[in-house]
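# Observations on the model geometry
Next come the chains, spelled out residue by residue.
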Amino acid sequence: MAHSPNKLIPESYDPAPSLRLDPAVSAASTPNGGATAVGYYVSTEGDVPAELGLDRDTLASAGFTGAAGQSLVLPREGATAVIAVGAGSGAVRTVDELRDGAAAFAAAAARHESLALVLPEGHGVPGNAAAQASVEGALLARYHFNALKSDHTTVAVASLEIVGAGEGADAGAVRGKVLARSAALARDLANNPPGHLTAAEYADFAAVQGPSFGLSVETFGLTELIDMGCGGLLGVNAGSFEEPRLIVLRYVPEGEPTAHVALVGKGIMYDSGGISLKPSDPMHLAMKMDMAGSGAVMAAMTGLRDLGATVAVSAWLVCTDNMPSGTATKLGDVLTARNGTTVEVKNTDAEGRLVMMDALSLAMEETPDAIVDAATLTGAAMAALGTLVGAVIGNDQALVEQIKSAGASTGESIWQLPLETRYRKQLDSDIADISNMGGPTAGAITAALFLAEFVKGTPWAHLDIAGTMKSDSNDSWRPIGATGFGTRLLSEFIINYTKP
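Residues numbered from 1 in each chain as written. Predicted model: local features only at pLDDT ≥ 70, side-chain atom pairs only at ≥ 80, totals over all residues. Heavy atoms only, no water.

So, on to the overall build of the protein. Scanning the protein for helices and strands turns up 15 helices and 19 strands. Its C-alpha atoms give the protein a radius of gyration of 23 Å, within 12% of the compact-globule value 23 Å for 500 residues. Reported as C-alpha extents along the three principal axes, the dimensions of the protein are approximately 75 × 50 × 45 Å. Put simply, the protein has 500 residues, and 57% of those count as buried. Long-range pairs, those at least 24 residues apart, make up 77% of the contacts in the protein between residues at least 6 apart in sequence. Carbon and sulfur atoms make up 53% of the accessible area of the protein, which totals about 19,400 Å². Counting 32 positive and 55 negative side-chain charges, the protein places the centres of these two groups 2 Å from one another. (Helix = DSSP H or I, 4+ residues; strand = E, 2+ residues; numbered from the N terminus. Rg over C-alpha atoms; globule rule 2.2 N^0.38 Å. Buried < 20%, exposed > 50% of the residue type's maximum accessible area, 1.4 Å probe, protein only. Contact = heavy atoms within 4.5 Å. Areas by Shrake-Rupley, 256 points an atom, 1.4 Å probe, with all protein chains shown as cover. Lys, Arg positive; Asp, Glu negative; His and termini not counted. Charge placed at Lys NZ, Arg CZ, Asp CG, Glu CD.)

Set out below in structure tokens:
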């Protein structure tokens, strides 16, 4: 992988170590005896599994009540460790509860590489979904980005067995592994320091890795982007030492595609704010993750073949950093998008929409059945919905409902905000077709209204994942760092997509 001359990066550096992990996952009706740690669910009431060898009072004396999210390791000399997993009150009833329970178990078994989790009888979730959620929770909870640690003590999961899930569990376990692998890749990409994964290096990575997942890959550099008239991407890149890249990934299923969906991902490799410089605070530090939308899109694409997607998908990743310099785009400059729209730049820190307008224009030229974009676009979305819920805004309610359904099934929570056209006048410009900045309120909506200008006539949904891109603490299957939010949601959406 080529590196810029001002950086010293080992040639052996691996930007996506998670792709080198390949745990064996399986389903069974009883434990096969090969695991070094076995988990059993315990509710806050009722019988305690006999395999724990302890009664409820003894567990309570150790601080374990069976509350959801709790775990207690019961080491056995010379034998397999047994782990009690809190099930909460009553029976485990949802995929979210199973995903969270598996995460609690896997985190408690952090020193073990061979795991088995026994699901509670009568869990009430179909076997395939139960196994999928359990595998996702366990593998995602054990995620660690160790590419830059010279010495680490983390243990990767080598094998995971889900016991008692029910009919269809084998297929569900494999599906969960694919989705967890994709989400881990998105986390790897976003966790990389900006000096270790530039736009050019990102494009090189995609070109090498894409074909191994059944994807065709095209990358476009500075000269091609000038010829293509991608003024938004070029304008944001103007202040940077690093060249921009447009990465185009394509998935074509076996047989006649049932539809064609275009995905667009914002790939700002580092966002300083440009001339509109951000304050030096913890959020500025997190701006290496401003490419998380593109990471979610690319990572979702890597799983489509293994998931048996029947929809043709094209993905457009617009990648650059946003830096201040003597050549940077200035406030008041006017950029021309790929489709000819002129845009007055009123704030260089509203750069995501500028690069995405080119990608949306290119996607529109292929007349897809639907377009979905993912972007860490606005602080307004975070202010409204916090760090656990993303925003979805669209021009087609049937498409938005499919996105919402995918979010509900994956535990990647989203909330619909309105595409309120009465706010559109905030984007008016005196000298250009449109400006890139609205007023002081409704920032997530005015950003979406800007994007909507480039998708007229095509069903479109926009995911604003600014608040959900990272976790500041270990939270169930979301460990500290990049979350990979949107990856499994987009995967689930594509697998189940039907034309509106």
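Moving on, we come to the packing of aromatic side chains. Applying the stated criterion to the full structure yields two aromatic pairs. Centre to centre, the rings of Phe450 and Phe454 are 5.4 Å apart; their planes meet at 45°, and the pair counts as tilted. When the centroid spacing of 5.5 Å and the interplanar angle of 65° are considered together, the rings of Phe493 and Tyr497 count as edge-to-face. Exposure class is identical for Phe493 and Tyr497. Each is buried. Cation over ring: Arg488 sits above Trp477, and NZ or CZ is 4.7 Å from the ring centre. (Phe/Tyr/Trp six-rings, centres within 6.5 Å; stacked < 30°, edge-to-face > 60°. Lys NZ or Arg CZ within 6 Å of the ring centre and 35° of its normal.)

Moving on, we come to the packing of helix H4 (residues 169–191) against helix H9 (residues 292–302). For the pair H4 and H9, interaxial distance at closest approach is 8 Å and the crossing angle is 150°. Considering their axes alone, H4 and H9 lie roughly antiparallel with respect to each other. Where H4 crosses over H9, the handedness of that crossing is right-handed. Across the interface between the two elements, Arg181, Ser182, Leu185, Ala186, Leu189 and Ala190 from H4 touch Ala292, Gly295, Ala296, Met298, Ala299 and Thr302 from H9. Taken together, the residues of the contact of H4 with H9 sort by class into eight nonpolar, three polar and one charged. (Axes fitted to C-alpha atoms, helices over the stretch in contact; angles between N-to-C directions. Parallel < 35°, antiparallel > 145°, perpendicular 65-115°, else oblique. Left-handed = near helix turned anticlockwise from the far one by under 90°. Nonpolar A, V, L, I, M, F, W, Y, C, P; charged D, E, K, R; others polar.)

Turning our attention to the pairing of strand S4 (residues 81–88). With respect to burial, S4 is a largely interior element, eight of its eight residues being buried. Every second residue of S4 is oriented toward a common face, with Ala81, Ile83, Val85 and Ala87 on one face and Val82, Ala84, Gly86 and Gly88 on the other, all of them buried. Where strand S2 (residues 37–43) meets S4, seven bridges bridge the pair, whose relative direction is parallel. Note that in S4 the partner of Ala37 across the bridge is Ala81. The sheet contact formed by strand S3 (residues 71–74) and S4 spans four bridges and is antiparallel. In the sheet register, Leu72 faces S4, and the bridge partner there is Ala84. Connecting S3 to the antiparallel partner S4 that follows it, the hairpin turn spans six residues, and Gly78 within it adopts a positive phi of roughly 70°. (Pairing = 2+ DSSP bridges.)

Turning to the pairing of strand S8 (residues 245–251), a few remarks are in order. Burial of S8 is extensive: six of the seven residues sit out of reach of the surface. Pairing between S8 and strand S10 (residues 312–322): seven bridges, direction antiparallel. Its bridge partner lying in S10, Leu249 is registered against Ala315.

As a further point, take the sheet that holds strand S9 (residues 260–271). Here we have eight strands laid out as an open sheet, ordered S7-S8-S10-S9-S13-S17-S14-S15, and mixed in their pairing. One side of each edge strand has no neighbouring strand; the edge strands of this open sheet are strand S7 (216–220) and strand S15 (414–416). Neighbour to neighbour, the strand axes of the sheet diverge by 20° on average, direction disregarded. Relative to S10, S9 runs parallel, the two being bridged by ten bridges. Along S10, the bridge assignment pairs Lys266 with Val318. Packing of helix H11 (residues 352–364) onto the sheet brings it into contact with S8, S9, S10, strand S13 (370–375) and strand S17 (460–464), and relative to S9 it is tilted by some 155°. Strand contacts of helix H13 (residues 397–410): S13, strand S14 (390–394), S15 and S17, with the helix running at about 160° to S15, the strand carrying the most contacts.

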